[in-house]
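# Residue-level structure breakdown
Read off the chains here:
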Amino acid sequence: DVYKRQDTGFGNALNTYHAVRTLERAGADCIQIEDQISPKRCGHFNGKEVISTDEMLGKIKAAVDARRDQGTLIMARTDACATQGFEAAVERAQRFAEAGADILFVEAVTQAEEIRALPQRLSTPQLMNMVIGGKTPITDAGELADLGYGLVLYANACLLYTSDAADDMQC
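Residues numbered from 1 in each chain as written. Predicted model: local features only at pLDDT ≥ 70, side-chain atom pairs only at ≥ 80, totals over all residues. Heavy atoms only, no water.

### Notes on the overall build of the protein
Filter applied, for reference: Helix and strand assignments follow DSSP, with helices taken as H or I runs no shorter than four residues and strands as E runs no shorter than two, numbered in order from the N terminus. For every residue, the accessible area obtained with a 1.4 Å probe (protein chains only) is divided by the maximum for its type, and the residue is called buried under 20%, exposed over 50%, and partly exposed between those limits. The contact criterion used is simple: two residues touch if any of their non-hydrogen atoms lie within 4.5 Å.
A tally of regular secondary structure across the protein gives 8 helices and 5 strands. The buried share of the protein, taken over its 171 residues, is 42%. When contacts within the protein are restricted to residue pairs at least 6 apart in sequence, long-range pairs at least 24 apart make up 64% of them.

This is the structure we're talking about:
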């Protein structure tokens, strides 16, 4: 439950400010703030909702103001693709960058064309999340790097491969 609250900034902008101070003191190098309504759901599940763009901008600005070390990165994630569509998610991400986010994370794009388009439309460094069995078409890390992504997560790959290996061994 604590993890779910921290992703969404522990509540409003004031709570986000205090969360960033606390996480930075604990040694965090990058702090991700999401725009989902709490309690959050996996980005590749249905039934998500997002807060207003203005509320999220307030959280990002609070996070940027709170950090003491400019080396602490603020990552802004949007789940708006699922609720408002790709174009709305891109527009949100652009506004997040303007508010000071250092890294953008547009979650659960559903088309290969969208994967290719994001780095061309957003100049801020980006993360792409590959969830095996999820909504985003699995794309090779080399191809994602060539497209311009700075970070790639293969979120559940180790778990699935380990599970498959255990099945093969008939444990």
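Next comes the rest of the account.
### Some remarks on the pattern of salt bridges
The test is simple: One speaks of a salt bridge when a side-chain nitrogen belonging to Lys or Arg is within 4 Å of a carboxyl oxygen belonging to Asp or Glu.
Evaluated as defined, the whole model comprises 8 salt bridges. We note a salt bridge from Arg92 to Asp35, for which the minimum N-O separation is 2.6 Å. Of this pair, Arg92 sits in helix H5 (residues 86–98) while Asp35 sits in the loop between strand S1 (30–34) and helix H3 (53–66), and the two are 57 residues apart along the sequence. Across this residue pair, the class does not change: Arg92 and Asp35 are buried. Its salt-bridge partner being Glu113, residue Arg116 comes within 3.6 Å of it at the nearest N-O pair. Of this pair, Arg116 and Glu113 are both found in helix H6 (residues 112–121), 3 residues apart, which corresponds to roughly one turn of the helix. A relative accessible area of 47% means that Glu113 is categorised as partly exposed.

### Details of the side chain of Arg67
Put simply, the rule reads: We define a polar contact as two N or O atoms separated by no more than 3.5 Å, with the added condition that, inside protein, one atom must be a possible hydrogen donor and the other a possible acceptor, whereas residues neighbouring each other in sequence contribute only through side-chain atom pairs.
Inspection of the secondary structure puts Arg67 in the loop between H3 and strand S2 (73–78). With relative accessibility at 8%, the residue Arg67 sits in the buried group. Among the polar contacts made by the side chain of Arg67, one reaches the main-chain carbonyl oxygen of Thr72 at a distance of 2.7 Å. Of the polar contacts made by the side chain of Arg67, one reaches the side chain of Asp102; its length is 2.5 Å. Leaving out residues up to four positions away in the same chain, Arg67 has contacts with Val20, Glu24, Thr72, Leu73, Ile74, Gly100 and Asp102.

### Concerning the packing of H3 against H5
For the record, the criterion: Comment: axis = line fitted to C-alpha atoms, over the contacting stretch for helices; angle = value between 0 and 180 degrees taken between N-to-C directions. For this classification, under 35 degrees means roughly parallel, over 145 means roughly antiparallel, 65 to 115 means roughly perpendicular, and everything else is oblique. Left-handed describes a crossing whose near helix is turned anticlockwise from the far helix by less than a right angle; the clockwise case is right-handed. Any residue that is not Ala, Val, Leu, Ile, Met, Phe, Trp, Tyr, Cys, Pro, Asp, Glu, Lys or Arg is counted as polar, Gly included; the first ten are nonpolar and the last four charged.
Where H3 meets H5, the axes come as close as 9 Å, and the angle between the chain directions of the two elements is 30°. In terms of axis orientation, H3 runs roughly parallel to H5. The chirality of how H3 crosses H5 is right-handed. Residues Thr53, Asp54, Met56, Leu57 and Ile60 of H3 form the contact with H5, whose own contacting residues are Arg92, Arg95 and Phe96. Here the residues of the contact of H3 with H5 sort into 4 nonpolar, 1 polar and 3 charged.

### Considerations on the confidence of the model for the protein
The test is simple: On a scale of 0 to 100, pLDDT captures the predictor's confidence in every residue.
Per-residue pLDDT for the protein has a mean of 85; in total, 80% of the residues score no lower than 70. Here helix H1 (residues 2–7) is the element of the protein with the lowest mean pLDDT, 44, and H5 is the one with the highest, 98. Confidence drops under a pLDDT of 50 for residues 1–6, and excluding neighbours within four residues, the segment shows 4 contacts in the predicted structure.

### Regarding the pairing of strand S3 (residues 103–106)
Put simply, the rule reads: When DSSP finds two or more bridges between a pair of strands, those strands are recorded as paired. Place the viewer so that the strands point away; then a crossover is right-handed whenever the path from the first strand over the helix to the second strand goes clockwise.
Burial of the side chains of S3 extends over both faces: Ile103 and Phe105 are buried on one face and Leu104 and Val106 on the other. One ladder, built from 4 bridges, connects S2 with S3; its direction is parallel. When the sheet's bridge partners are listed, Ala76 is paired in S3 with Leu104. Pairing geometry for S3 and strand S4 (residues 126–130), over 2 bridges, is parallel. Each residue of the ladder has a partner; that of Leu104, found in S4, is Gln126. On the question of chirality, the crossover connecting S3 to the parallel S4 by way of H6 is right-handed.

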